[in-house]
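Residues per chain are reported as follows:
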Amino acid sequence: MAAGIREKQTVALKRMLNFNVPPVKNSTGEPVWKVLIYDRFGQDIISPLLSVKELRDMGITLHLLLHSDRDAIPDVPAVYFVMPTEENIDRMCQDLRNQLYESYYLNFISAISRSKLEDIANAAIGANAVTQVAKVFDQYLNFITLEDDMFVLCNQNKELVSYRAINRPDITDTEMETIMDTIVDSLFCFFVTLGAIPIIRCSRGTAAEMVAVKLDKKLRENLRDARNSLFTGDTLGAGQFSFQRPLLVLVDRNIDLATPLHHSWTYQALVHDVLDFHLNRVNMEESAGTESSPAGARPKKKNKKSYDLTASDKFWQKHKGSPFPEVAESVQQELESYRAQEDEVKRLKGIMGIEGEDEGAISMLSDNTAKLTSAVSSLPELLEKKRLIDLHTNVATAVLEHIKSRKLDVYFEYEEKIMSKSTLDKSLLDVISDPDAGTPEDKMRLFLIYYISSAQAPSEIDLEQYKKALMDAGCNLAPLNYIKQWKAFTKMASAPTSYGNTTPKPLGLFSRVMNTGSQFVMEGVKNMVLKQQNLPVTRILDNLMEMKSNPETDDYRYFDPKMLRGSDSSIPRSKNPFQEAIVFVVGGGNYIEYQNLIDYIKVCALLALVVCNLLRETSFSRVSVTLCI
């Protein structure tokens, strides 16, 4: 897995946009100008990987949604990138009949069925456009890559494969089969793009086992068809020379419900929790201005701003997994560094403007010419640095406002103590009853973590007290009713999940570590250093990668799609530790688990792809509400 999944999917997209021919590197010729037509699924796949400038460099003059009103451009080829749905096929057939484009390159995100392919063929014959349909390809790109080592299944219709959808009490067998097939299709596309056939491990009696059985069958059937296999020859790329096959660990969300509810303290997880953050883009509202409006005038609308947090953002890549206090301090340091560089350029400009012909001035001028040339050449880099500083100042300020208004530092510290079984310095009832501490949702998340993590459920008398306090705080009790049923069903009361026994170490208040000139007013917010501890998902990965014997994973099923016959075994055929792994959480993962796995990988010097459908901590507590209705 030398190349990350982001790089592999980007290469596949660029090849598709070049009419399914690998682009020629360092080509000086003009690209072939073309139009890109995608649906919402295709848009979500492309947007985190390719910028508008990169699309233009590849000859994309227009990129339009399939179901938008489009004018005919008869002398330009069109590249389509869509899901093979009935609705999309009908619209593509309509485009053929309307003769919108010079030629059509049809690319399907997932494999198209024969019947739908025949529908397109009939439409092409009817429109006398058979020669215009240049190529038809199944791209197997039905997943969204957000990081070098993370992807999610989908953004559109994500509720269809959510924790709520899988765990609904009234779900039918047909609906469950549809959900499992959707998940398996995306995982299959992932491994086709990766060019590797995994060893699969999963827990028994869970949705993860259903995914494992179906994925094993799909991989096995593809390998059996040697002529049409997607895992032979060029499709494998560098993977065919790898002697180490990756391990796919399928984990069910129900093994750990506390972590998705946990308030975060790292930058990326906080941005995802408290701001509108989707597909590596954060959307924020900014005030139009501080000046007051005239009496009787309409209040000024808030400006909406979007920021892309991408792989090219060096500050984001360096600090996204850092505790928030470190991020705030780093933003301030970057700002001071930028100002020092800016002052140096201004100083050199002043020197270059010296008038007079005396020898001292000429000598000083020649000494500083080289310095100024260097400074001017670094101006683009300086401007980009300023843009990133402004971006992260705005984002970090918005996060800080949430931390201070909702006392998220208090929640984080308190929840860490609950999950690590440490002594609590304040009663839970006091925190819930505090009108200044958090939203009703924050209070419910805190209590659910307490209820899930307790070895013994609170007595009925205590529970009634908690319920009254939660209701007085404006909480909906439906999530608690669901968690009570879930805990009784899984018998978690007798064997609660272990979260380690470390707690964050407070370093005092932010005001002690920040410069007095900082624009971040941190006073009253705790500065805590995170201690490394493995969450349940990370512990499971460690046991299975290192082939450790542990009651937590000893009963995990083992699948090898390359074996001629499948077996219902828990015993691995190979005893060698794995060097590469993929973790997939059926029911949704989160950035807290993602960062925990990344930290584990760094310590163990292993390669891993962290794979999950991201759950928002707030939406997860709402999921429980809808489950109970």
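The notes below deal with the structure included here.

Analysis parameters
- Residues numbered from 1 in each chain as written.
- Predicted model: local features only at pLDDT ≥ 70, side-chain atom pairs only at ≥ 80, totals over all residues.
- Heavy atoms only, no water.
- Pairing = 2+ DSSP bridges.
- Helix = DSSP H or I, 4+ residues; strand = E, 2+ residues; numbered from the N terminus.
- Axes fitted to C-alpha atoms, helices over the stretch in contact; angles between N-to-C directions.
- Contact = heavy atoms within 4.5 Å.
- Parallel < 35°, antiparallel > 145°, perpendicular 65-115°, else oblique.
- Nonpolar A, V, L, I, M, F, W, Y, C, P; charged D, E, K, R; others polar.
- Expected span 1.5 Å × (residues − 1).
- Buried < 20%, exposed > 50% of the residue type's maximum accessible area, 1.4 Å probe, protein only.
- Polar contact = N/O pair within 3.5 Å; in protein donor to acceptor, adjacent residues only side chain to side chain.
- Salt bridge = Lys/Arg side-chain N within 4 Å of Asp/Glu carboxyl O.
- Left-handed = near helix turned anticlockwise from the far one by under 90°.
- Arc of directions from axis to C-beta.
- Phe/Tyr/Trp six-rings, centres within 6.5 Å; stacked < 30°, edge-to-face > 60°.
- Lys NZ or Arg CZ within 6 Å of the ring centre and 35° of its normal.

## Quick look at the sheet that holds strand β4 (residues 104–108)
1) Next: Spatial ordering of the open sheet is given by β2-β1-β3-β4-β5, a layout of five strands whose pairing is parallel. Strands with a single pairing partner mark the edges of an open sheet, and in this sheet they are β2 (60–65) and β5 (133–138). When the angles between neighbouring strand axes are averaged without regard to direction, this sheet yields 15 degrees.
2) Next: Pairing between β4 and β5: five bridges, direction parallel. When the bridges of β5 are listed, Leu 106 appears paired with Val 136.
3) Next: Here helix α4 (residues 86–97) sits on the sheet and contacts β3 (78–82), β4 and β5; the angle it forms with β4, its principal contact strand, is near 175 degrees.

## A word on the pairing of strand β6 (residues 144–147)
1) Next: Relative to strand β7 (residues 150–152), β6 is paired through three bridges, and the arrangement is antiparallel. When the sheet's bridge partners are listed, Ile 144 is paired in β7 with Val 152.
2) Next: Joining the antiparallel neighbours β6 and β7 is a turn of two residues.

## Description of the packing of helix α15 (residues 408–419) against helix α17 (residues 440–453)
1) Next: With their axes 9 Å apart at the nearest point, α15 and α17 run at an angle of 10 degrees to one another. In terms of orientation, α15 and α17 fall into the roughly parallel class. From α15, Leu 408, Tyr 411, Tyr 414, Glu 415, Ile 418 and Met 419 reach across to α17, where they touch Asp 442, Lys 443, Leu 446, Ile 449, Tyr 450 and Ser 453.
2) Next: Class assignment of the residues belonging to the contact of α15 with α17 gives a composition of eight nonpolar, one polar and three charged.

## Quick notes on helix α19 (residues 478–490)
1) Next: Here α19 contains 13 residues, and its C-alpha end-to-end distance of 19 Å stays within 8% of the 18 Å for a straight helix at 1.5 Å per residue.
2) Next: Within α19, the full set of buried residues consists of Ala 478, Pro 479, Leu 480, Tyr 482, Ile 483, Trp 486 and Lys 487.

## Digging into the side chain of Asp 442
1) Next: Along the chain, Asp 442 turns up in helix α17.
2) Next: Exposure remark for Asp 442: the relative accessible area of 0% places this residue in the buried category.
3) Next: In terms of polar contacts, Asp 442 uses its side chain to reach the side chain of His 263, at 2.8 Å.
4) Next: Setting aside residues up to four positions removed in sequence, Asp 442 forms contacts with His 263, Arg 406, Leu 408 and Tyr 411.

## Brief notes about the pattern of salt bridges
1) Next: All told, the structure shown has 29 salt bridges when counted by the stated rule.
2) Next: The closest approach of N and O atoms between Arg 6 and Asp 148, which form a salt bridge, is 2.9 Å. You can see Arg 6 sitting in helix α1 (residues 5–17) and its partner Asp 148 sitting in the loop between β6 and β7, a full 142 residues away along the chain.
3) Next: For Asp 148, a relative accessible area of 41% puts it in the partly exposed group.
4) Next: Between Lys 385 and Glu 334 there is a salt bridge, with its nearest N and O atoms 4.0 Å apart. Here Lys 385 is found in helix α14 (residues 379–406), whereas its partner Glu 334 is found in helix α12 (residues 324–352), with 51 residues between them in sequence.
5) Next: Taken together, the salt bridges that share partners define one network made up of Arg 6, Glu 147, Asp 148 and Lys 320.

## Details of the sheet that holds strand β10 (residues 276–278)
1) Next: Within the open sheet, the three strands sit side by side as β10-β11-β12. Their pairing is antiparallel. Of all strands in the sheet, those with a lone pairing partner are β10 and β12 (303–308), marking the two edges. On average, adjacent strands in this sheet sit at an angle of 25 degrees to one another, irrespective of strand direction.
2) Next: Pairing geometry for strand β11 (residues 281–286) and β12, over six bridges, is antiparallel. Looking across to β12, one finds that Glu 286 is bridged to Asn 303.
3) Next: Sheet strands in contact with α14 are β11 and β12, and its direction is about 75 degrees off that of β11.

## Considerations on unusual backbone geometry
1) Next: Phi at Asn 280 is positive, roughly 65 degrees, even though this residue is not glycine.
2) Next: Mapped onto the fold, Asn 280 is located in the loop between β10 and β11.

## Some details on the packing of helix α7 (residues 173–194) against helix α8 (residues 207–224)
1) Next: One way to put it is that α7 packs onto α8 with a least axis distance of 9 Å and a crossing angle of 50 degrees. One way to sum up the angle between α7 and α8 is to call them oblique. For the pair α7 and α8, the sense of crossing is right-handed. From α7, Met 176, Glu 177, Met 180, Asp 181, Ile 183, Val 184, Asp 185, Leu 187, Phe 188 and Phe 191 reach across to α8, where they touch Ala 207, Met 210, Val 211, Lys 214, Leu 215, Lys 218, Leu 219 and Asn 222.
2) Next: A per-class count over the contact of α7 with α8 returns twelve nonpolar, one polar and five charged.

## Description of helix α5 (residues 114–126)
1) Next: Spanning 13 residues, α5 covers 18 Å between terminal C-alpha atoms, matching the ideal 18 Å at 1.5 Å per step.
2) Next: Of the residues making up α5, those classed as buried are Lys 116, Ile 120, Ala 123 and Ala 124. Projected onto a plane normal to the axis of α5, the buried residues spread over an arc of 100 degrees and lie on a single side. Facing away from the buried side of α5 by over 90 degrees, the exposed positions are Arg 114, Asn 122, Ile 125 and Gly 126.
3) Next: Its buried side turned inward, α5 meets α4, β4 and β5.
4) Next: In the segment just after α5, Asn 128 is the residue with positive phi, at about 55 degrees.

## Some points on the environment of Glu 415
1) Next: Mapping Glu 415 onto the fold places it in helix α15.
2) Next: When the C-alpha positions of Glu 415 and Leu 446 are compared, they lie 6.6 Å apart, and in sequence the two are 31 residues distant.
3) Next: Excluding residues that lie within four positions of it along the chain, Glu 415 makes contacts with His 262, His 263, Leu 446 and Ile 449.

## Regarding the packing of aromatic side chains
1) Next: The full count for this structure, using the stated rule, is 21 aromatic pairs.
2) Next: Residues Phe 447 and Tyr 451 carry aromatic rings whose centres are separated by 6.3 Å and whose planes lie at 45 degrees to one another, so their mutual orientation is tilted. Of this pair, Phe 447 and Tyr 451 both sit in helix α17, four residues apart, roughly one helical turn.
3) Next: Site record: aromatic cluster; members linked through ring pairs are Tyr 267, Phe 277, Trp 316, Phe 324, Tyr 591 and Tyr 594.
4) Next: Over the ring of Phe 19 we find Lys 34, and its NZ or CZ is 5.1 Å from the ring centre.

All quantities given are derived from atomic positions and should not be read as evidence of function.
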